Amino acid sequence: MSAYLQCIEENCQKRISPTTKAHVCPDCSGLLDVMYDFQITDPDKFKQTFQQRRLSNDPLDLSGVWRYRELLPFCSDPAKVVTMQEGNTPIYEAPHCAEYAGLKRLHLKHQGLNPTGSFKDNGMTAGVTQARLMNSRMVACASTGNTSASMAAYAARAGMKAVIFIPDQQIAFGKLSQSLDYGALTLQLEGDFDEAMKMVKEITEESEVYLLNSINPFRLEGQKTIIIEMLAQRGWKIPDRVVVPGGNLGNSSSFGKAIKELHDLGFIDKMPMVTIIQALRANPLYKTLIDRSARLIRVEAHTLATAIKIGNPVSWKKAMRAMEWTRGWCDVVSEQEIADAKAMIGRDGVGCEPASATTVAGIKKLIQTKEIDKEEDVVAVLTGNLLKDPDYTVNYHQNNLYEKASYKNELIERKDKIQSTFANAPLKVKARKEEILRVLGL
Ligand code: F0G
């Protein structure tokens, strides 16, 4: 089985060795895909093999990424794989969310239940494995917090040095605490994620350091398994639509590639529509799509869903391609819509971080605009764990969430209050039995 890198630009398509340390095409700076000469002629046999591996204790089979290794066959040496049993995330039926959004039924695939609490682990096991195949000793990424948490953990497992570039004071503490604990060198840069991304690209181009942002196509190979695992869990019953938040647009890109490859290889006979939801004021893909622009329309991003506070997403062309292949779409939701949808996901006993809630908010909006039919079979992908950003959740439930809050170590200004429509604030009660019984209505 041979893997190679190929430029995604139609008029270039340059092929290069998979061990070239390049983030983009050396000729035209286009994004790169990992491509294979797949040897799969009998998909049903592979579906059975994937199922049987669930009974195995082999470390590769225990991983929800490497269990599907024939669909991402870039590593021929199992001993090199760096795995933490990532993936293996559940799909929950979500009746409250379905009713709230106006759908008959809705399923949530909860990538927040990964080892470091986000979908990044699916990608990072692949990215760090490739780093090991290339004998890298130092890896780096820019991050809004989850990529860095994941990279720090996998680098620690692999014995590599991790360097993370994060926007100063803009990442949630749950995420920051992870990379500190996992031993990463943490550089807090003045400026936003887009500036941190620019710096890390320059530095990794000019040095031995290996870049592990989702511009790295090996990361996206791992993230393909979110779709593969979801289909396997559903007995290969194909949903009409998969809804995913859009930030740097790596995830939506990998979903498109997974669906296209599964379709080309005969695993599926129709393609679920990839629907990408962005925050209203962090909406470069949406703007680009609506304006039918051939170039990305960058924005200065603002949203309390800090994971997707990104105005210049690197993988936008791959995300466009994913929508084209699958007849998908992109839309935007407001801060208010995100906050209420998040509380609704919580009511289903599931919970997630704010960026993930764009999915349910987006479905509700698209049902109202009749883009989605209420009978559709929809899977929303929750990307991060509720505990990543507890401040947001507690502020919402205490009626204290503001779209614009400025800090200089402490809160100095609040503006544009978000309505806590589904607030569930804690009650202060005296530690007296009668008082508690009174509050309980007993
Ligand atoms: N949801 C969560 C929880 C995220 O952390 C991210 C991205 C996204 C959605 C958006 O996914 O970038 O593939 O479109 N977080 C990155 C990070 C940027 O640095 O952790 P995307």
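This write-up is about the structure you can find in this document.

Here's the deal with the environment of Gln368
Inference 1: Positionally, Gln368 belongs in helix 13 (residues 358-368).
Inference 2: Sequence separation of Gln368 and Ala101 is 267 residues, and the distance between their C-alpha atoms is 8.7 Å.

Focus: the pairing of strand 10 (residues 241-245)
Looking down a regular strand, the side chains alternate between one sheet face and the other.
Inference 1: Taking burial as the measure, the 5 residues of strand 10 include 5 buried ones, the bulk of the element.
Inference 2: Alternating residues of strand 10 divide into Arg241, Val243 and Pro245 and Val242 and Val244, and every residue in both groups is buried.
Inference 3: Running through helix 9 (residues 250-264), the crossover from strand 10 to the neighbouring parallel element strand 11 (residues 273-279) is right-handed.
Inference 4: The sheet contact formed by strand 10 and strand 13 (residues 378-382) spans 3 bridges and is parallel. The residue of strand 13 that forms the bridge with Val242 is Val379.

A word on the packing of aromatic side chains
Inference 1: Evaluated as defined, the whole model comprises 8 aromatic pairs.
Inference 2: Look at Phe50 and Phe267: their rings are 6.4 Å apart centre to centre, the planes differ by 10 degrees, and that puts the pair in the stacked class. Placement of the pair is Phe50 in helix 1 (residues 43-52) and Phe267 in the loop between helix 9 and strand 11, with a sequence separation of 217 residues. There is no split in this pair, since Phe50 and Phe267 are both buried.
Inference 3: Taken together, the aromatic side chains of Phe46, Phe50, Tyr68, Trp236 and Phe267 make up a single cluster linked through ring pairs.

Looking at helix 14 (residues 390-397)
Inference 1: Tyr392, Thr393, Tyr396 and His397 are the residues of helix 14 that are buried. Take helix 14 and look down its axis: the buried residues cluster within an arc of 120 degrees, on one side only.
Inference 2: Along its buried surface, helix 14 packs onto helix 12 (335-347).
Inference 3: Phi turns positive, to about 60 degrees, at Asn399, one or two residues after helix 14.

Description of the site of the ligand
Inference 1: Around the ligand, the structure places 21 residues, and the nearest of them are Ser143, Thr144, Asn248, Leu249 and Thr383.
Inference 2: Within the backbone of Asn248, a nitrogen or oxygen atom sits 2.7 Å from an oxygen atom of the ligand.
Inference 3: Taking Leu249, its main chain carries an N or O atom lying 2.7 Å from an oxygen atom of the ligand.
Inference 4: Those elements giving two or more residues to the shell around the ligand turn out to be helix 5 (146-158) and helix 9.
Inference 5: Among the residues making up the shell around the ligand, the classes are represented as 7 nonpolar, 12 polar and 2 charged.

Considerations on the sheet that holds strand 6 (residues 138-142)
Inference 1: Spatially, 4 strands are ordered 8-7-6-9 in an open sheet, and the strand pairing comes out parallel. In this open sheet, the two edge strands, each paired with only one partner strand, are strand 8 (185-189) and strand 9 (210-211).
Inference 2: Of the strand pairs in this sheet, strand 6 and strand 7 (residues 161-167) are connected by 5 bridges, and their pairing is parallel. Paired with Met138 across the bridge in strand 7 is Lys161.
Inference 3: With respect to the sheet, helix 7 (residues 193-205) is in contact with strand 6, strand 7, strand 8 and strand 9, its orientation differing from that of strand 6 by roughly 155 degrees.

Parameters at a glance
Residues numbered from 1 in each chain as written. Predicted model: local features only at pLDDT ≥ 70, side-chain atom pairs only at ≥ 80, totals over all residues. Heavy atoms only, no water. Helix = DSSP H or I, 4+ residues; strand = E, 2+ residues; numbered from the N terminus. Buried < 20%, exposed > 50% of the residue type's maximum accessible area, 1.4 Å probe, protein only. Right-handed = clockwise from strand over helix to strand, strands pointing away. Pairing = 2+ DSSP bridges. Phe/Tyr/Trp six-rings, centres within 6.5 Å; stacked < 30°, edge-to-face > 60°. Arc of directions from axis to C-beta. Contact = heavy atoms within 4.5 Å. Near = heavy atom within 4 Å. Polar contact = N/O pair within 3.5 Å; in protein donor to acceptor, adjacent residues only side chain to side chain. Nonpolar A, V, L, I, M, F, W, Y, C, P; charged D, E, K, R; others polar. Axes fitted to C-alpha atoms, helices over the stretch in contact; angles between N-to-C directions.

Nothing here speaks to function; it is all geometry.
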